[in-house]
Amino acid sequence: MKIPDHLTQALQTIFQEGEMHEKRKGEEAPDFYLSENFLKQSTLISYCDHKFLNSITPRNENALDINGLLEFIHELGFKLATNKIAGCFFYPANGFMGWHTNYSDKDWRIYIVNSIKGDSFFRYKKDDKIITDYDPIGWSYRAFYVGDASDPYWHCVNGGSGRYSIGFRLKKIP
Ligand SMILES: [Fe+2]
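Conventions adopted
Residues numbered from 1 in each chain as written. Predicted model: local features only at pLDDT ≥ 70, side-chain atom pairs only at ≥ 80, totals over all residues. Helix = DSSP H or I, 4+ residues; strand = E, 2+ residues; numbered from the N terminus. Rg over C-alpha atoms; globule rule 2.2 N^0.38 Å. Contact = placed C-beta atoms within 7 Å. Buried ≥ 20, exposed ≤ 12 C-beta atoms within 10 Å, placed from the backbone. Pairing = 2+ DSSP bridges.

Colleague: Is there a simple way to explain the overall build of the protein chain in this structure?
Modeller: Within the protein chain one finds four helices and eleven strands. Computed over C-alpha atoms, the radius of gyration of the protein chain comes to 15 Å, within 12% of the 16 Å expected from 2.2 N^0.38 for 174 residues, which places it in the range of a compact globule. Oriented by its inertia axes, the alpha-carbon framework of the protein chain measures out at about 40 × 35 × 25 Å. A fraction of 85% describes how many contacts in the protein chain between residues 6 or more apart in sequence connect residues 24 or more apart.

Colleague: For this particular structure, what's the right way to read the pairing of strand β5 (residues 96–100)?
Modeller: For a regular strand, side chains alternate in direction, first toward one face of the sheet and then toward the other. Burial within β5 is extensive, with five of its five residues counted as buried. As paired elements, strand β2 (residues 51–57) and β5 share two bridges and run antiparallel to each other. Its bridge partner being in β5, phenylalanine 52 is matched across the sheet by phenylalanine 96. Bridge count between β5 and strand β10 (residues 155–158): three bridges; the pairing is antiparallel. For histidine 100, the partnering residue across the bridge sits in β10 and is histidine 155.

Colleague: Explanation requested: the environment of aspartate 151 in the structure shown.
Modeller: Relative to the helices and strands, aspartate 151 resides in the loop between β9 (138–146) and β10. Residue classification places aspartate 151 among the exposed residues on the basis of 11 C-beta atoms within 10 Å. The sequence separation of aspartate 151 and aspartate 65 amounts to 86 residues, and the corresponding C-alpha distance is 33 Å.

Colleague: How should unusual backbone geometry be read in this particular structure?
Modeller: At asparagine 102, a residue that is not glycine, the phi angle is positive and equals roughly 55°. Its location among the elements puts asparagine 102 in the loop between β5 and β6 (107–115).

Colleague: Which parts of the structure should I look at to understand the environment of phenylalanine 96?
Modeller: Considering the arrangement of structural elements, one finds phenylalanine 96 in strand β5. Phenylalanine 96 sits in the buried class, given 27 other C-beta atoms within 10 Å. For the pair phenylalanine 96 and phenylalanine 121, spaced 25 residues apart in sequence, the C-alpha to C-alpha distance is 9.5 Å. With sequence-adjacent residues up to four places away left out, phenylalanine 96 is seen in contact with Pro30, Tyr33, Leu34, Lys51, Phe52, Tyr91, Val157, Asn158 and Gly159.

Note that all results are geometric; they support no functional claim without further evidence.
Structure, rendered in structure tokens:
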């Protein structure tokens, strides 16, 4: 589904006005932390230390203030689980977030993404297969379920030439 223009404008404002904090950890090339080998040697972790990205602190963290967001999420069959933004990042060129599960925060998520050149991706493990899902150029979204330790959802991100992302925790509307 296309993301409504008025919604992307509000999201863009968050990135423009937010405070950026660079986070970088990892001695190997980024691809190493996104590889199947790295996943194989990983023990269950909720949040990954190996990353290179800018975490953004929005000026106003109240997700309810993003005009049109609730309607958009309702159309997808969800409501916000909390009115706080779950994650807001800018991945610079060659930025990444290594394999992790978020198992300590199980819930649905939506991540709304702006990929500068369409060469960034979200990678996850499903039924013992590794799936690499490239982001289209511009704004798009991805909804996924994050399980707990009994059903961990392994995933990682490659920032390509640059990638903005903002995520929210969701509940399914019964
Ligand atoms: Fe994650």
